Amino acid sequence: MPKLPTVDEVTVPGRRAVPRSRRGWQQLVREIDSCRRCPLGYARQHVVVHRGSLRPRVVFVGEAPGEEEDRVGRPFVGRAGRRLDTAIESLGLRSREFAIINVFKCRPPENRFRSDAALACRPFLAQQLDFLRPRVVVPMGSHALEAFRPDALPILRSAGTRLQWRGRLLFPLVHPAAALHAPALARRWERDLRRLQRALSPTEVK
Ligand code: SF4
């Protein structure tokens, strides 16, 4: 796979500062909505931009919308989403404290990762994070981690550990969909959530 720029390295045309107002966010959403920068834009039913707070303390970053997300236009609404929601509840995060986004805004056919789409979509991911400014970023799965700290791959080496990104806490997890299919990953998911809970305690992250 060719080396992709991280969200810090994105300088490709299309990245611009988004005014930090509801109107600025809505403008960004409209831009993503009409995007056809890569082939995924022609195959999608809906773009999938975000759910949750616009002033989150924690942002969970998944990889790409699946079939159900593409159908309804919201991230993490299928089985993996229910697992993530349960996890977020167990972490004690209130709705105003978290947001959920993806590396891709459109569904890749057969859920296959595509480097061309990741490259085309990076400016949007960077703009979302510039706008949301979370104190903690939780990339879920290897493609999400790669967008921030490719040096920390593979995901199983870094999941459940505290890393840094732009002076903030970066706390990778395995992808919740992976935890649905393999008992060993389900145990890892649970163990790492407990670690994340400790990392999020008010004495650790204000
Ligand atoms: S995946 Fe990203 S870059 Fe590709 S069409 Fe969708 S919004 Fe645009």
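It should be emphasised that the depicted structure is a prediction, and the values quoted were computed from it without experimental measurement.

Calculation rules
Residues numbered from 1 in each chain as written. Predicted model: local features only at pLDDT ≥ 70, side-chain atom pairs only at ≥ 80, totals over all residues. Heavy atoms only, no water. 1 Å grid on protein atoms, 1.4 Å probe; cavity = no way out; pocket = protein on both sides within 12 Å on 5 of 7 lines; lining within 4 Å. Points joined across faces, edges and corners; volume = space filled by probe spheres on them. Helix = DSSP H or I, 4+ residues; strand = E, 2+ residues; numbered from the N terminus. Nonpolar A, V, L, I, M, F, W, Y, C, P; charged D, E, K, R; others polar. Salt bridge = Lys/Arg side-chain N within 4 Å of Asp/Glu carboxyl O. Buried < 20%, exposed > 50% of the residue type's maximum accessible area, 1.4 Å probe, protein only. Expected span 1.5 Å × (residues − 1). Arc of directions from axis to C-beta. Contact = heavy atoms within 4.5 Å. Near = heavy atom within 4 Å. Pairing = 2+ DSSP bridges.

Thoughts on empty space enclosed by the protein
Alright, step 1. With the rule as written, the count across this model stands at one cavity of 30 Å³ or more.
Alright, step 2. Together, 15 residues line the largest cavity, and Cys35, Cys38, Lys105, Cys106 and Cys121 are the ones closest to its centre.
Alright, step 3. Elements represented by at least two residues in the lining of the largest cavity include exactly α2 (40-43) and α5 (115-132).
Alright, step 4. Top element by residues in the lining of the largest cavity is α5. It accounts for four residues.
Alright, step 5. Of the residues that constitute the lining of the largest cavity, the class distribution is 10 nonpolar, one polar and four charged.

So, the pattern of salt bridges
Alright, step 1. Following the criterion strictly, the structure yields 14 salt bridges and no others.
Alright, step 2. Arginine 112 is the partner of glutamate 110 in a salt bridge, and the nearest nitrogen-oxygen pair spans 3.2 Å. Of the two residues, glutamate 110 and arginine 112, neither departs from the other in class, the shared state being exposed.
Alright, step 3. Of the charged contacts, one joins arginine 114 and aspartate 116 as a salt bridge, the two residues approaching to 2.7 Å between their closest N and O atoms.
Alright, step 4. Connected through salt bridges with shared partners, the residues Asp8, Asp130 and Arg166 form a single ionic network.

Some words on the layout of surface pockets
Alright, step 1. In this structure, the largest pocket occupies an estimated 430 Å³ of space.
Alright, step 2. Along its surface, the largest pocket is lined by 23 residues, and Ala64, Gly66, Asn111, His175 and Ala177 are the ones closest to its centre.
Alright, step 3. Mapped by element, the contributors of at least two residues to the lining of the largest pocket are α3 (67-72), α4 (79-90) and α8 (176-181).
Alright, step 4. Considered class by class, the residues forming the lining of the largest pocket number nine nonpolar, eight polar and six charged.

Brief notes about helix α9 (residues 183-199)
Alright, step 1. Along its 17 residues, α9 runs 24 Å from first to last C-alpha, staying within 8% of the 24 Å computed at 1.5 Å per residue.
Alright, step 2. What α9 keeps buried is the set Ala186, Arg188, Trp189, Asp192, Leu193, Leu196 and Ala199. The buried side chains of α9 occupy one side of the element, clustering within an arc of 155° when seen end-on. Opposite the packed face of α9, turned more than 90 degrees from it, sit the exposed residues Pro183, Arg187 and Arg198.
Alright, step 3. Contacts made by the buried residues of α9 are with β2 (58-62), α4, β4 (136-139), α7 (155-158), β6 (168-170) and α8.

Here we look at the site of the ligand
Alright, step 1. Near the ligand you find Cys35, Arg37, Cys38, Gly41, Arg44, Lys105, Cys106, Ala120, Cys121 and Phe124, and these make up its full shell.
Alright, step 2. Looking at the shell around the ligand element by element, the count peaks at three residues for α5.

What about the pairing of β2?
Alright, step 1. Across the five residues of β2, five count as buried, placing the element largely inside the fold.
Alright, step 2. Covered by surrounding structure in β2 are Val58, Phe60 and Gly62 together with Val59 and Val61, the residues of both alternating faces.
Alright, step 3. Note: β2 against strand β3 (residues 98-102), five bridges, orientation parallel. Paired with valine 59 across the bridge in β3 is alanine 99.
Alright, step 4. Here four bridges tie β2 to β4, and the two strands are oriented parallel to one another. Along β4, the bridge assignment pairs phenylalanine 60 with valine 138.

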